[in-house]
Amino acid sequence: MERFDAVIIGAGVVGLAIARELSQRFKHVLLIEKNTSFGEETSSRNSEVIHAGIYYPEDSLKAKLCVEGKHLLYEHCDRFCVPVKRVGKLLVATGKNEEAVLAKVWQQARKNNVDDLAWQTANQAKQLEPNIRATKALLSPSTGIIDTHQFMQSLLFDFEKNDGIYVACTNLLAIERVNENYQLTLRSVNEITHVLAPVIINSAGLHATDVASNIVNFPINKIPEIHWCRGHYFSYSGKSPFSRLVYPVPQHHGLGIHASLDIAGQLKFGPDTEYVSALSYTIAPNLQEKFYHAIKEYFPAVIRSKLQPSYAGIRPKLQSEHQGFKDFYVQTSAIHGFPGVVNLFGIDSPGLTSSLALAKYVAKAL
């Protein structure tokens, strides 16, 4: 039976970051992924935005790891030649009520040590982005965009350079404590194999609760309920009318239907939020109308026919549709009693931005 120093379950962007971090600390690290390639689920179906760390409650993991992760991410991209652009973001208000919300956002950003936001008058905002409608705005210069696939490839490259082993098309069937180790039963291409390791990292994203439930004798009351929240994206044909990201004031369940760019300059809008019970990435045709009216609030010249369904992503949230903020949940043995086991639950946005900082946090937790 093959032995490893650590096994990471799930090769999304966070799992890859953790695997790379642990491969710098341990000699024999295994990363397994149930899909045919890394990052096929949440990690490849998001806005590809590097967030500044503005919105989250101070002292939350999301606030601290987003701000730390942002700096680590830009440094990593420079080092590994990952395509990235600090395009900046305009957070816009379209009336007095939204201006009051914007003032609270600014205060929260200061509490989170995000000190580069700059107030923009309506005229200043119009000079930056002539096609927007805003009575006041906040400019976030450290917000950026990244080629997520290239970033994940760079993490995998560095992991394998450190002699880490990555295996796709591999399903976890069970984890059982055996003295000081854990025996993992895996199925890979219809073949059952067993490996041993003293450290298990559950970074399975949408399926993290399933992995936890496959640990023999793991306390059921320590497995939180995960809520799947689907977000849809619409592309906008033609040349982008914006050179920056444009966000409305934050909504109850998210950041609102915002305008973002990819590395190639393609404009897209989204995501919205829709809680779902099944993993389905379909986009209903009638959503175009919903998007059109939301976008029109800050982009009056939007042309409905240029909005085309693009893709959808599903995020694993700890909060239900009617609950407020829930933080990242990094669950260690102090909570569940299984030494060497770390479960990551509810790693939604800003998971991509926080990934490198999350990896260091997990390594310290071990």
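Higher on the page you've got the structure.
Enquirer: I'd like to hear about unusual backbone geometry, residue by residue, with values.
Expert: Residue Pro-271 is reached from Gly-270 by a cis peptide bond, and omega for that bond is 0 degrees. Within the secondary structure layout, Pro-271 lies in the loop between strand E18 (267-270) and strand E19 (274-276). In the segment running from Ser-349 into Pro-350, the intervening peptide bond is cis, with an omega of 10 degrees. Inspection of the secondary structure assignment puts Pro-350 in the loop between strand E22 (341-345) and helix H9 (351-365). The phi angle at Glu-48 is positive, at roughly 60 degrees, despite the residue not being glycine. Mapping Glu-48 onto the fold places it in the loop between strand E3 (29-32) and strand E4 (49-50).

Enquirer: Account for the side chain of Arg-315, naming residues and giving values.
Expert: Its location among the elements puts Arg-315 in strand E20 (residues 307-317). Comment: no salt bridge for buried Arg-315; closest opposite-charge side chain is Asp-272, at 5.6 Å. A distance of 3.4 Å separates a polar side-chain atom of Arg-315 from the backbone oxygen of Arg-230. A distance of 3.1 Å separates the side chain of Arg-315 from the backbone oxygen of Asp-272, its partner in a polar contact. When neighbours within four sequence positions are excluded, Arg-315 is seen to be in contact with Thr-42, Leu-206, His-227, Trp-228, Cys-229, Arg-230, Gly-231, Pro-271, Asp-272, Thr-273 and Asp-348.

Enquirer: I'd love a proper account of the packing of aromatic side chains, names of residues and values included.
Expert: The geometry of an aromatic ring pair is captured by two quantities: the separation of the ring centres and the angle between the planes. Scanning the model with the defined rule gives 9 aromatic pairs in all. Here the aromatic rings of Trp-106 and Trp-119 are separated by 6.4 Å at their centres, their planes lie at 40 degrees, and the arrangement is tilted. With Trp-106 in helix H3 (residues 96-111) and Trp-119 in strand E7 (residues 118-121), the pair connects residues that are 13 residues apart, well separated along the chain. Where Tyr-329 meets Phe-345, the ring centres are 5.9 Å apart and the plane angle is 45 degrees; that geometry is what we call tilted.

Enquirer: Break down the pattern of salt bridges for me, with residues and values.
Expert: Pairs can form between side chains of opposite charge once their charged atoms are near each other. Under the counting rule described, the total for this entry stands at 13 salt bridges. Between Glu-21 and Lys-360 there is a salt bridge, and its shortest N-O distance comes to 3.6 Å. Highlighted residues: Glu-21 in helix H1 (residues 13-23) and Lys-360 in helix H9, separated in sequence by 339 residues. When its relative accessible area of 29% is taken as the criterion, Lys-360 is described as partly exposed. Residues joined in a network through salt bridges with shared partners are Arg-20, Asp-158 and Lys-161.

Enquirer: An account of the pairing of E18 is requested, with residue identities and associated values reported.
Expert: Note on strand geometry: in a regular strand, side chains alternate between the two faces of the sheet. Alternating positions in E18 separate into two faces, Leu-267 and Phe-269 on one and Lys-268 and Gly-270 on the other, with burial throughout. Bridge count for strand E15 (residues 227-236) against E18 is 3 bridges, and the pairing is antiparallel. Across the sheet, Tyr-236 pairs through a bridge with Leu-267, a residue of E18. Inspection of the sheet shows strand E17 (residues 258-261) paired to E18 by 4 bridges, in the antiparallel sense.

Enquirer: Can you explain the packing of H1 against H9? Please cite residues and give values.
Expert: Viewed as axis vectors pointing N to C, H1 and H9 meet at an angle of 35 degrees, and their least axial separation amounts to 8 Å. In this structure, H1 meets H9 at a crossing whose hand is right-handed. When H1 is examined against H9, the residues Val-13, Val-14, Ala-17, Ile-18, Arg-20, Glu-21 and Leu-22 are found in contact with a partner set consisting of Gly-351, Leu-352, Ser-355, Leu-356, Leu-358, Ala-359, Lys-360, Val-362 and Ala-363. Split by residue class, the contact of H1 with H9 holds 11 nonpolar, 2 polar and 3 charged.

Enquirer: Explain the pairing of E3 to me, using residue names and the numbers behind them.
Expert: Because side chains alternate across E3, one face comprises the buried residues Val-29 and Leu-31, and the other comprises Leu-30 and Ile-32, equally buried. Taken together, the 4 bridges between strand E2 (residues 6-9) and E3 define a ladder with parallel strand orientation. Among the inter-strand pairings, Ile-8 is bridged to a residue of E3, identified as Leu-31. As a crossover connection, the stretch from E2 through H1 into E3 is right-handed. Pairing geometry for E3 and strand E10 (residues 165-167), over 3 bridges, is parallel. Following the sheet pairing, Leu-31 is matched in E10 by Tyr-166.

Conventions and cut-offs
- Residues numbered from 1 in each chain as written.
- Predicted model: local features only at pLDDT ≥ 70, side-chain atom pairs only at ≥ 80, totals over all residues.
- Heavy atoms only, no water.
- Helix = DSSP H or I, 4+ residues; strand = E, 2+ residues; numbered from the N terminus.
- Buried < 20%, exposed > 50% of the residue type's maximum accessible area, 1.4 Å probe, protein only.
- Lys, Arg positive; Asp, Glu negative; His and termini not counted.
- Salt bridge = Lys/Arg side-chain N within 4 Å of Asp/Glu carboxyl O.
- Polar contact = N/O pair within 3.5 Å; in protein donor to acceptor, adjacent residues only side chain to side chain.
- Contact = heavy atoms within 4.5 Å.
- Phe/Tyr/Trp six-rings, centres within 6.5 Å; stacked < 30°, edge-to-face > 60°.
- Pairing = 2+ DSSP bridges.
- Axes fitted to C-alpha atoms, helices over the stretch in contact; angles between N-to-C directions.
- Left-handed = near helix turned anticlockwise from the far one by under 90°.
- Nonpolar A, V, L, I, M, F, W, Y, C, P; charged D, E, K, R; others polar.
- Right-handed = clockwise from strand over helix to strand, strands pointing away.

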